[in-house]
Amino acid sequence: MRIQFILNGRKTDADIDADLTLYSLLRDKGCLSVKCGCETANCGLCTVLLDGKSVLSCSVPAGRVDGREVYTLEGLQSEAEEIGCFLAEEGGEQCGFCSPGFIVNVIALGNEIPEPTEEEIKEYMAGNLCRCSGYMSQMRALTKYFQYKKGER
């Protein structure tokens, strides 16, 4: 099957098998920020934006992105760096393996809820697992990040 889609702002096409996942397609296209930790849609490492909404790419058939827009961390560098600075200041980045999916989900959260409450942050980020940082440092970082963004508006 031949598909065409926008990947990180660029028109892209691919010949795919019917059972190919979006995760595998993105890795084949050089998007190495997209990680896979569970292959069961439980860890959030493979989070990408599909038409602006966060999705777990390990559970999305690649054929579903035909005619749509996909963003990975590679296409979100300025936002990612900004969020990454807040995580680093609070010690919330640790090993960094989960960071790409985590940061993409933070961007999706900010797009959907520009001024989230602490409870909204916790609920939205619940699907992103991290084995290194504990979650307090990440919560502090995100609270400060969204306060900072509120001041920019």
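In this report, we go over the structure that sits alongside the text. Keep in mind the model is a prediction, meaning the values are calculated, not measured.

Side note on the pairing of strand E2 (residues 10-15)
Move 1: Where strand E1 (residues 2-7) and E2 come together, six bridges link them in antiparallel fashion. In the sheet register, Ile3 faces E2, and the bridge partner there is Ala14.
Move 2: Here E1 hands over to E2 after two residues, with Asn8 in that stretch at a positive phi of 55°.

Description of the pattern of salt bridges
Move 1: Counted according to the given criterion, the structure contains 10 salt bridges.
Move 2: Residue Lys149 is joined to Glu82 by a salt bridge in which the shortest nitrogen-to-oxygen separation is 3.2 Å. Here Lys149, found in helix H5 (residues 136-152), pairs with Glu82, found in helix H2 (residues 77-89); they are 67 residues apart in sequence, far enough to count as distant.
Move 3: For Lys122, the salt bridge is made with Glu119, and the minimal N-O distance between the two is 3.9 Å. In this pair, Lys122 and Glu119 are both assigned in helix H4 (residues 118-125), three residues apart and thus about one turn of the helix distant.
Move 4: Owing to a relative accessible area of 40%, Lys122 belongs among the partly exposed residues under this scheme.
Move 5: Exposure remark for Glu119: the relative accessible area of 54% places this residue in the exposed category.

Side note on the sheet that holds strand E5 (residues 69-71)
Move 1: With mixed pairing, the five strands of this open sheet are ordered in space as E2-E1-E5-E3-E4. Sheet topology places E2 and strand E4 (53-56) at the edges, where each strand pairs with a single neighbour. Strand-to-strand twist across the sheet, computed as the mean angle between neighbouring axes with direction ignored, equals 40°.
Move 2: This element, helix H3 (residues 99-112), spans strand E3 (47-50) and E4 of the sheet and lies at about 35° to E3.

Considering the nonpolar core
Move 1: Ranked by internal contacts, the top residues of the largest apolar core, which has 22 residues, are Ile83, Ile103, Val106, Ile121, Met125, Leu142 and Phe146.
Move 2: Counting residues per element, the ones that place at least two in this core are H2, H3, H4 and H5.
Move 3: In terms of residue count, the dominant contributor to this core is H3 (seven residues).
Move 4: Other than its neighbours up to four places away in sequence, Val106 contacts Ile83, Met125, Leu142, Tyr145 and Phe146.
Move 5: Counting 20 residues, the second-largest nonpolar core is a separate cluster that includes Phe5, Leu22, Cys46 and Ala62.

Criteria and thresholds
- Counting from 1, residues in each chain are numbered in the order their sequence is written.
- Local features in this predicted model are restricted to residues of pLDDT 70 or higher, and side-chain atom pairs are both shown and tallied only at a pLDDT of 80 or more, whereas totals for entire chains, interfaces and linings draw on every residue.
- Calculation of side-chain values draws on the structure's entire complement of heavy atoms; hydrogens and water are dropped beforehand.
- Any two strands with at least two DSSP-identified bridges between them are counted as paired.
- A helix here means a DSSP run of H or I that spans at least four residues, while a strand means a run of E at least two residues long, and both kinds are numbered starting from the N terminus.
- When a carboxyl oxygen of Asp or Glu is within 4 Å of a side-chain nitrogen of Lys or Arg, the pair counts as a salt bridge.
- With a 1.4 Å probe rolled over the protein chains alone, any residue whose accessible area is under 20% of its type maximum counts as buried; one over 50% counts as exposed, and the rest are partly exposed.
- Geometry is summarised by axes, namely lines fitted to C-alpha atoms with helices restricted to the contacting stretch, and by angles between N-to-C directions that run from 0 to 180 degrees.
- Here, residues are in contact when the closest pair of their heavy atoms is within 4.5 Å.
- The nonpolar core is taken to be a set of buried Ala, Val, Leu, Ile, Met, Phe, Trp, Tyr and Cys residues, with the residues joined through side-chain atoms within 4.5 Å.

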